[in-house]
Amino acid sequence: MDTWLGDVNMWKWKGLWLGPKGPTGKPRLYEQFMLNVAHNGFGDMIIPVQTSASVGLRYLMQLTSAGRGKMPRPSVTYVDAAHEYPETYDEITQAWQLLAPGGFLVGDDYQPGWPGVVRSVQEFIAGTRVAHPTSYACAWAAQRREFGSLRMIDFTRPG
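Note that this is a predicted model, so its numbers are computed, not measured. Residue numbers restart at each chain and count upward from 1, following the sequence in its written direction. Restriction of local features to residues with pLDDT of at least 70 applies here, the model being predicted, together with a cutoff of 80 or more for giving and counting side-chain atom pairs; totals for whole chains, interfaces and linings are based on all residues. In computing side-chain values, all of the structure's heavy atoms are included and hydrogens and water are not.

Caption draft 1: Just the side chain of His83, in detail. Summarising the element assignment, His83 is placed in the loop between strand E1 (76-79) and helix H5 (87-98). Polar contacts, as used here, are pairs of N or O atoms within 3.5 Å; protein pairs need one atom able to donate a hydrogen and one able to accept it. Residues neighboring in sequence count only if both atoms are side-chain atoms. At 2.4 Å, the side chain of His83 and the side chain of Asp109 are in polar contact. Every helix listed is a DSSP run of H or I at least four residues long, and every strand listed is a run of E at least two residues long, numbered separately from the N terminus.

Printed below as a string of structure tokens:
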């Protein structure tokens, strides 16, 4: 889930991240995302939900705790949302509550250029006492040239 409208830094650096606008003046991030999904063959595995992370996570929480036809809690949740504090802290906390026991909470942009992410992750770790909070699930060396240090932090929910 994402709004695909960009965060504060994307708007600040609009030439780099937001690219050409569509006919309504909105960024074309959603269209690029969908092209990437189709190009990589994930169209049948990804359901894009165009909303904020907090609204989408609350909706998923309702779906997973509903009675009849209950949807299972996800075993992997990837958070790449607000990039600001306290929004990112709230999103991480909501995603953690949604996660199935034994599941993984992952995200990116845990680096000095995103101080809201760093603060949110550090406060979350301090409050939950997550094991091995700085172990990396992934590091994509090939994309470091284009995106800097793109990493996913591996938080494992006790199971």
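Caption draft 2: Structural context of the pairing of strand E2 (residues 104-107). In this structure, E1 lies alongside E2, joined through 4 bridges in parallel fashion. Its bridge partner lying in E2, Val76 is registered against Phe104. As for the winding sense of the linkage, the β-α-β connection from E1 through H5 to E2 is right-handed. The rule for pairing is simple: two strands pair if DSSP sees at least two bridges between them. By convention a crossover is right-handed if, when the strands point away from the viewer, the path from the first strand over the helix to the second runs clockwise.

Caption draft 3: Geometry of the nonpolar core. The criterion is simple. A nonpolar core is a set of buried Ala, Val, Leu, Ile, Met, Phe, Trp, Tyr and Cys residues joined through side-chain atoms within 4.5 Å. Remark: exposure states derive from per-residue accessible area (1.4 Å probe, protein chains only) relative to the maximum for the residue type, with buried under 20%, exposed over 50%, and partly exposed in between. Of all hydrophobic cores here, the largest spans 16 residues; its most connected members are Ile92, Leu105 and Val121. The greatest single-element share of this core, amounting to 5 residues, is contributed by helix H6 (residues 115-128). Not counting residues within four places of it along the chain, the set of residues in contact with Ile92 comprises Val79, Leu105, Ser120, Val121 and Phe124. For this analysis, residues touch if any pair of their heavy atoms sits within 4.5 Å.

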